[in-house]
Amino acid sequence: MASQDPQGQINKIFQDYLPGSPDIPSQSKPVEPTKVWKHVPPPHNLPPGLEYLSQLDQIIIHQQVELLEVILGTETCSKYEIKNHLGQRIYFAMEENGCFDRNFCSPIRSFTIRITDNTGREVITVNRPLRCNSCWFPCYMQELEVQSPPGTIVGYVVQKWDPLLPKFTILNESKEDVLKIIGPYATCSCFGDVDFEVKTLNEMSTIGKISKYWSGFVNNVFTNAANFGIQVPVDLDVKIKAIMIAACFLIDLMFFENSLDGL
């Protein structure tokens, strides 16, 4: 019987190690695990730039605080860092729109959010048209279009009419319903987190959630800075994970854009 190569076993262990996974086995620890995300060979047939999402079941979204917005009270373009559960940045998102839209149409404003990876390559584009944000206009409610790579539609987030609860539907590129997002009756955090549950289409099972984290009295009252967490099954389609990130932006602007909404 042919003997096994110990060096080959160690190399295989390192090859199978992915960022964000538990500590590597003790026999393969000649060096400390890195804290910087490293590229791994992508699975087949994934949109370029979304490969790393296939490894994640938790995504953290942190809105950056703009000093000008804090001092002058004027609305600036939102910027977000998108991180894994270890706090490593995997994407950066920046909102694009006009000054008029930001300051006069604030929560319902149209925008384009461009999401880039750590090399500066744009991997996701989110487009939001100007639409209503009231249950009195059920035929013209909120909708997002998500592209990955830019120019290729992978899905949509569509607000559904409900007199009491915030409800959204995740659609694929063919506009087929995939999942539902249902928020609480009161989106006021009241010194705690606010959870929007991710459910199956029959609303019988909860498979994940989008949470708006309470970030402290000063941050929540005097700034628009928000921290969100997305929890989904690790084997969820990466395109749907990208749409969930876009849904998080929509929820932020609809329910938490005004600083006092964070209370």
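Source: prediction; values computed, not measured. (Residues numbered from 1 in each chain as written. Predicted model: local features only at pLDDT ≥ 70, side-chain atom pairs only at ≥ 80, totals over all residues. Heavy atoms only, no water.)

The subject of this paragraph is the overall build of the chain. What the chain contains, in helices and strands, is five helices and twelve strands. Taken across its 263 residues, the chain has 44% of its residues classed as buried. Within the chain, contacts between residues at least 6 apart in sequence are counted, and of these 43% link residues at least 24 apart. Entry remark: accessible area of the chain is about 13,600 Å², with carbon and sulfur atoms responsible for 57%. (Helix = DSSP H or I, 4+ residues; strand = E, 2+ residues; numbered from the N terminus. Buried < 20%, exposed > 50% of the residue type's maximum accessible area, 1.4 Å probe, protein only. Contact = heavy atoms within 4.5 Å. Areas by Shrake-Rupley, 256 points an atom, 1.4 Å probe, with all protein chains shown as cover.)

In the predicted model, the chain carries a mean pLDDT of 76, and 62% of its residues have values of at least 70. Per-element confidence in the chain is highest for strand β9 (residues 177-182), whose mean pLDDT is 97, and lowest for helix α4 (residues 217-222), whose mean pLDDT is 44. For residues 31-39, every residue scores under 50 in pLDDT, and the model assigns this stretch nine contacts once sequence neighbours within four places are set aside. (pLDDT = per-residue confidence, 0-100.)

Nonpolar side chains in soluble globular proteins tend to end up buried together. Counting 50 residues, the largest nonpolar core has L53, I61, I82, I115, I181 and I210 as the members making the most contacts within it. Counting residues per element, this core draws most heavily on helix α5 (residues 238-255), which supplies 15 residues. Not counting residues up to four positions away in its chain, the partners in contact with I115 are I82, Y91, F92, A93, R121, E122, V123, I124, V126, I245 and F249. (Core = buried A, V, L, I, M, F, W, Y, C linked by side-chain atoms within 4.5 Å.)

Turning our eyes to something else, we now look at the side chain of N84. Inspection of the secondary structure assignment puts N84 in the loop between β2 (79-83) and β3 (89-96). In terms of polar contacts, N84 uses its side chain to reach the side chain of Y52, at 2.9 Å. Beyond its immediate stretch of four places on either side in the chain, N84 contacts Y52, L56, Q58, I60 and I90. (Polar contact = N/O pair within 3.5 Å; in protein donor to acceptor, adjacent residues only side chain to side chain.)

Pairing is antiparallel in the closed barrel, where twelve strands are placed in the order β1-β2-β3-β4-β5-β6-β7-β8-β9-β10-β11-β12. Pairwise comparison of adjacent strand axes, ignoring direction, gives a mean angle of 20° for this sheet. Relative to β9, strand β8 (residues 167-172) runs antiparallel, the two being bridged by five bridges. Residue T169 lies in a different strand from β9, and its bridge partner there is K180. (Pairing = 2+ DSSP bridges. Axes fitted to C-alpha atoms, helices over the stretch in contact; angles between N-to-C directions.)

So, on to the environment of K160. Examined against the element boundaries, K160 turns out to sit in strand β7 (residues 153-160). Expressed as a C-alpha distance, the spacing of K160 and Q142, which sit 18 residues apart in the sequence, is 8.3 Å.

Before going further, it helps to examine the packing of aromatic side chains. Describing an aromatic ring pair means giving the distance of the ring centres and the angle of the ring planes. Considering all chains together, one arrives at four aromatic pairs under this definition. Ring centres of Y80 and F249 lie 4.6 Å apart, and the angle between their planes is 40°; on these two criteria the pair is classed as tilted. Highlighted residues: Y80 in strand β2 and F249 in helix α5, separated in sequence by 169 residues. Residue classification places Y80 among the buried positions, given a relative accessible area of 2%. Site record: aromatic cluster; members linked through ring pairs are F168, F196 and F255. Against the face of Y156 rests K175, its NZ or CZ located 4.9 Å from the ring centre. (Phe/Tyr/Trp six-rings, centres within 6.5 Å; stacked < 30°, edge-to-face > 60°. Lys NZ or Arg CZ within 6 Å of the ring centre and 35° of its normal.)

Right, let's get into unusual backbone geometry. S148 connects to P149 through a cis peptide bond whose omega is -5°. Topologically, P149 is positioned in the loop between β6 (143-147) and β7. Positive phi is not limited to glycine here, since K175 has a value of about 60°. Given a relative accessible area of 51%, K175 falls into the exposed group. In this model, E203 sits at a positive phi of 65°, which is unusual for a non-glycine residue. Position of E203 relative to the elements: it lies in the loop between β10 (194-199) and β11 (206-213). Residue classification places E203 among the partly exposed residues on the basis of a relative accessible area of 29%.

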